[in-house]
Each structure stands twice: as C-alpha cells, then as structure tokens.
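Here is how the chains run, residue by residue.
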Amino acid sequence: MFTRLVTSALFAGFAAGLIAALLQLYFVQPVLLHAELYETGALVHFGTAATPGAAPAMGGIDPVRDGLSILFTALVYTGYALMMVAAMAAAQDRGAVISARNGILWGFAGFMAVHFLPAFSLPPELPGSAAADVAPRQIWWFGTVAVSTLALWLIAFGKSWSIWVVAIVLLLVPHLIGAPHPTEFLGPVPPELAALFASRALGVGLAAWVLLGLFSAYFWQRENNT
Amino acid sequence: MTTKTQDTTRVGSKMLAIVATAFLGLGVMMIAGHVQATTLHDAAHDVRHATGFPCH
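First things first, this report covers the structure right here in the doc. This is a predicted model, so every value here is computed, not measured.

Conventions we followed
- Residues numbered from 1 in each chain as written.
- Chains lettered and ligands numbered in written order.
- Predicted model: local features only at pLDDT ≥ 70, side-chain atom pairs only at ≥ 80, totals over all residues.
- Heavy atoms only, no water.
- Helix = DSSP H or I, 4+ residues; strand = E, 2+ residues; numbered from the N terminus.
- Buried < 20%, exposed > 50% of the residue type's maximum accessible area, 1.4 Å probe, protein only.
- Contact = heavy atoms within 4.5 Å.
- Areas by Shrake-Rupley, 256 points an atom, 1.4 Å probe, with all protein chains shown as cover.
- Lys, Arg positive; Asp, Glu negative; His and termini not counted.
- Charge placed at Lys NZ, Arg CZ, Asp CG, Glu CD.
- Buried area = accessible area lost by both parts, 1.4 Å probe.
- Salt bridge = Lys/Arg side-chain N within 4 Å of Asp/Glu carboxyl O.
- Polar contact = N/O pair within 3.5 Å; in protein donor to acceptor, adjacent residues only side chain to side chain.
- Nonpolar A, V, L, I, M, F, W, Y, C, P; charged D, E, K, R; others polar.
- Axes fitted to C-alpha atoms, helices over the stretch in contact; angles between N-to-C directions.
- Parallel < 35°, antiparallel > 145°, perpendicular 65-115°, else oblique.
- Left-handed = near helix turned anticlockwise from the far one by under 90°.
- Patch = residues over 30% accessible without salt bridge, like charges linked within 9 Å, V, L, I, M, F, W, Y side chains within 5 Å.

What follows covers the overall build of chain A. In terms of helices and strands, chain A carries six helices and zero strands. When the elements of chain A are put in sequence order from the N terminus, they spell out α-α-α-α-α-α. By principal-axis analysis of the C-alpha atoms, chain A measures approximately 65 × 40 × 25 Å. When each of the 226 residues of chain A is scored for burial, the buried share is 43%. When contacts within chain A are restricted to residue pairs at least 6 apart in sequence, long-range pairs at least 24 apart make up 80% of them. For chain A, the exposed surface amounts to about 11200 Å²; the carbon and sulfur share of it is 72%. Taken as two groups, the 8 positive and 10 negative side-chain charges of chain A have centres that lie 19 Å from each other.

Turning our eyes to something else, we now look at the interface of chain A and chain B. Taken together, the 38 residues of chain A in the interface contact 31 residues of chain B. Taken over both partners, the interface formed by chain A and chain B buries close to 3100 Å², and the fraction arising from carbon and sulfur atoms is 73%. Where chain A meets chain B, there are two salt bridges. Notably, a salt bridge pairs Lys 14 of chain B with Asp 93 of chain A, separated by 2.9 Å at the nearest N-O pair. Applying the counting rule to chain A against chain B returns six residue pairs in polar contact (both at pLDDT 80 or more). Contributing elements (two or more residues each) for the side of chain A that touches chain B: helix 1 (2-39), helix 2 (63-93), helix 4 (134-157) and helix 6 (191-224) of chain A. Per-element accounting of the side of chain A that touches chain B gives the leading share, 16 residues, to helix 2 of chain A. Grouping the amino acids of the side of chain A that touches chain B by side-chain chemistry returns 26 nonpolar, seven polar and five charged.

So, on to the packing of helix 2 of chain A against helix 6 of chain A. Packed helices, taken two at a time, are described by the angle between their axes plus the distance between the axes. All names here are of chain A. Between helix 2 and helix 6, the shortest axis-to-axis distance is 9 Å and the interhelical angle comes to 50 degrees. Of the possible angle classes, the one that applies to helix 2 and helix 6 is oblique. Both helix 2 and helix 6 take part in a crossing whose hand is right-handed. In this structure, helix 2 contributes Tyr 77, Tyr 80, Ala 81, Met 84, Val 85, Met 88, Ala 89 and Gln 92 to the contact, and helix 6 contributes Gly 205, Ala 208, Trp 209, Leu 212, Gly 213, Ser 216, Ala 217, Trp 220 and Asn 224. Partitioning the contact of helix 2 with helix 6 into residue classes produces twelve nonpolar, five polar and no charged.

Let us now look at a nonpolar patch on the surface. On the surface, Val 19, Phe 23, Leu 26, Met 30, Ile 31 and Val 35 of chain B cluster together into a nonpolar patch covering about 490 Å² of accessible area. Secondary-structure assignment places Ile 31 of chain B in helix 1 (residues 2-33).

In the structure shown here, the tally under the stated rule is four salt bridges over all chains. Between Arg 65 of chain A and Glu 36 of chain A there is a salt bridge, with the nearest N and O atoms lying 3.0 Å from each other. Of this pair, Arg 65 of chain A sits in helix 2 while Glu 36 of chain A sits in helix 1, placing them 29 residues apart in sequence. Judged by its relative accessible area of 17%, Glu 36 of chain A falls in the buried class. Several salt bridges converge on common partners, so that one network encompasses Glu 36 and Arg 65 of chain A together with Asp 46 of chain B.

Below, the structure is given as structure tokens:
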C-alpha cells in the first residue's frame, strides 16, 4: 500500500512540478528578476530623475539558479502529491470514487486550500516587498492552509447543513483574524510589478494544482487497479 | 474472531500507510518550501516566492 501510494505520488508530483517550473520560469521569473533590480537599488521606483524605472527586457537563463528552481518546484509538488494521493486513498476507503476526471476537482480544491485562500490575506510576495517577520507569517500560513483544507474536506464529504456551516466559518476565520502585515509600507518595488507577480503566481499555481489533481488521481487509480 | 482480527489489522496497516505517506509529503514540502536554513533558503528562493510561501 505504502509503495503504491508513494509511486503514484512521485510520478504525479514530478510531472506537475516540471510543468509548474517551466510556467514559472517563463511567466513569473522575469517579473521577479525585474523586481530584484529595485530591491538592490539598480533601478529606483521614483524620486530621482536620473534612474528611470523603465521596464527592461528580463530574459536569459541562469543554469544554476533556474536548475535549482526546477528541482525545488518538483520537490514541493512531489510533497503536495504525497499528501494528495494519501487524501485520495483515505476518501476512497470511505467510498469516494477517484478518477482522472474528478481528480481535476481535487486539484482545484488543493489550489484553493494551499494557494488561493492564504493569498487572499497574504498575497504572494515579490522580493523587496515590505513584509512582517517571517515566523508569524509562516504560522498564519500553515494555520490557514490546515483550516481551509479541513473546511473544503467538510464541504466535499459532509452530508448536512450543520457541517457545511462549520466549514464556511472555518474558511472565514483566518481572514477575520487577519494575516501579519508590516507596520510600514517601505518596499522599494513598484506596485505594478507586485500586482503582476501576484496574479501570475496564482495563475501558474492554478494550472499546476489542476494538473497535480489530474495526475495524482490517474496514477493512483492505475496503481490501485493493478 | 480470527477474521475480525485480520480485518482490523488490514484496515490499521492501510491507515498507517496513508498517514505515513501524508507525513512524508508534509516533510518534503516543509524542507523544500519553509525551512529557513540559509543554504536551503537561497537555493529555493525563487520557488518560494513564486509559490506564495512566506519567504525571509
């Protein structure tokens, strides 16, 4: 059982992670590199006439940096796939049917719980953005992901209104408490770049998670039927 | 009686496998995405930002 779970997750996570990495390198990385020019002071947002904050073309491949990004994206999504396949097996054990088609829905739910709902109060941060200390943000992030995952599970598998009401409350609570935010907004990076970065990061996350759900379900039901 | 014991054991080992897989995944995700050790942070920097994790 354990071997079959891990095997399915490795295939699914690596495939989704590789696609996520390529999408990130093409759509997200140029925005990040551009922001780093502001973070290091090579470009200045406003206040000086000498350095216009123009948009330089950010391209090119840095083999070590981009190679590490591909490796770590594959690792992160493999971690997600292990949890996804475990959750699918647990649901199947309770009578749920797992297929590649409804794996897409699992992927959507995963994106909501791990990417979109935390981002609702703590948007993906562009390097150089002002932010609160990392420890409280991590605590809030993990708490939100845990509570949101539980809430979506209750919505999907709950059978009564009282369960669904509890789920909705759980979805709201982290945002009513609020994420840790900096006391002052002193980030040197233009808001235009930060906005583009946040929407690109979420878009790539959505694509990657839908594929992760699809692949996880596909490989799991394949492994499970042999 | 014997059958029941076997069933319980099988269900138990199944749940154990599921829980172990989930924790393995959590561990991989924590190390790749959240541990603040400098070397790990620098190597995974771009990914952490791009996946919306809290980073430095």
